[in-house]
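Analysis of the macromolecular model
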Amino acid sequence: MYKRQTESIDDKITYVSEQIKYYEDIGCKDSDILSVCEGSIGYNSTWLKPLVKAYVSSAYGYRSFNGGSFHNGIDLAGISEGTPIYSIGTGVVRAVRNAKKIKETTGQKSCGGNLIYIEYNILGKTYTATYAHVLDIYVSVGDKVTSSTIIATVGGGARTWGWDIKGKCTTGTHLHFQLSEGVNTSVSTASAYSVEPPGYPNKGVWFYSRTQWFA
């Protein structure tokens, strides 16, 4: 269901500009160490799932379809468009691509649609979670989120095809969830440092709570 994401130079410039504005708004100066100026982003001792229930329609790793490409995340399906997406823990929103707005202003569609990147400290290590193909976006750059924060709603289906690319980039309703080591706010770096999200079932298997864990 999820083919691949792409980002334009304009997308990346927007991410950087919004991040700079965020640091300026909280009073950081050029000479400051940003992590010190910002303070703690929070600590998580466990992993939660972004959906209350779903099944894995495409797992992490190489796939036999789409030319045998490597899938850098997992696709979570079996839910309807508009289903709430939760933050997997306490963290900070680092980048947002509003593909719907881009389409309205430039006429260009974005492969992967609306994207949200959130930084987390999980068990003392820094990760970035990418949430792709979302329908409604409820967060902005710099927002502090917790595991109870609804950050977006599930898209990928017909309601997002006005700005996401049907067939080539998505063929149905789902959330593409991707995890990468470090702070990564682009498709290329998030993919280069991607890791398999732990605790999820095999392809075709359902989970029924955000805390349900699969070895």
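As the structure is a computational prediction, the values presented were derived from the model and not from experiment.

**As for the nonpolar core**
- Formed by 30 residues in total, the largest nonpolar core has its most connected members in Leu 51, Leu 76, Ile 85, Ile 116, Tyr 131, Ile 151 and Phe 177.
- Elements that contribute at least two residues to this core include exactly strand E1 (54-58), strand E4 (74-77), strand E6 (91-97), strand E7 (114-122), strand E8 (125-137), strand E10 (150-154) and strand E11 (175-181).
- Setting aside residues no more than four positions away along its own chain, Ile 85 makes contact with Pro 50, Leu 51, Tyr 131, Val 134, Thr 149, Ile 150, Ile 151, Ala 152, Thr 153, Val 154 and Leu 175.
- In this structure, Ala 95, Leu 115, Tyr 117 and Ala 190 belong to the second largest nonpolar core, which totals 7 residues.

**Notes on the state of the cysteines**
- One pass over the full model with this rule turns up 2 disulfides.
- Disulfide partner of Cys 28: Cys 37, at an S-S distance of 1.9 Å. For the disulfide bridge between Cys 28 and Cys 37, the dihedral angle about the S-S bond is near -105 degrees, and by the sign convention the bridge is left-handed.
- Residue Cys 28 is classed as buried on the basis of its relative accessible area of 12%.
- Residue classification places Cys 37 among the partly exposed residues on the basis of a relative accessible area of 26%.
- Linked covalently through their sulfurs, Cys 111 and Cys 169 form a disulfide whose S-S length is 1.9 Å.

**Let's talk about the side chain of His 174**
- Within the element layout of this structure, His 174 appears in the loop between E10 and E11.
- At a separation of 2.8 Å, a polar atom in the side chain of His 174 contacts the main-chain carbonyl oxygen of Gly 172.

**Some remarks on unusual backbone geometry**
- The phi dihedral of Leu 123 falls on the positive side, at around 55 degrees, and the residue is not glycine.
- Along the chain, Leu 123 turns up in the loop between E7 and E8.
- Within the chain, His 133 stands out as a residue other than glycine whose phi angle is a positive 65 degrees.
- Secondary-structure assignment places His 133 in strand E8.
- His 133 sits in the buried class, given a relative accessible area of 1%.

Procedures and definitions
- Residues numbered from 1 in each chain as written.
- Predicted model: local features only at pLDDT ≥ 70, side-chain atom pairs only at ≥ 80, totals over all residues.
- Heavy atoms only, no water.
- Core = buried A, V, L, I, M, F, W, Y, C linked by side-chain atoms within 4.5 Å.
- Buried < 20%, exposed > 50% of the residue type's maximum accessible area, 1.4 Å probe, protein only.
- Helix = DSSP H or I, 4+ residues; strand = E, 2+ residues; numbered from the N terminus.
- Contact = heavy atoms within 4.5 Å.
- Disulfide = S-S within 2.5 Å.
- Polar contact = N/O pair within 3.5 Å; in protein donor to acceptor, adjacent residues only side chain to side chain.

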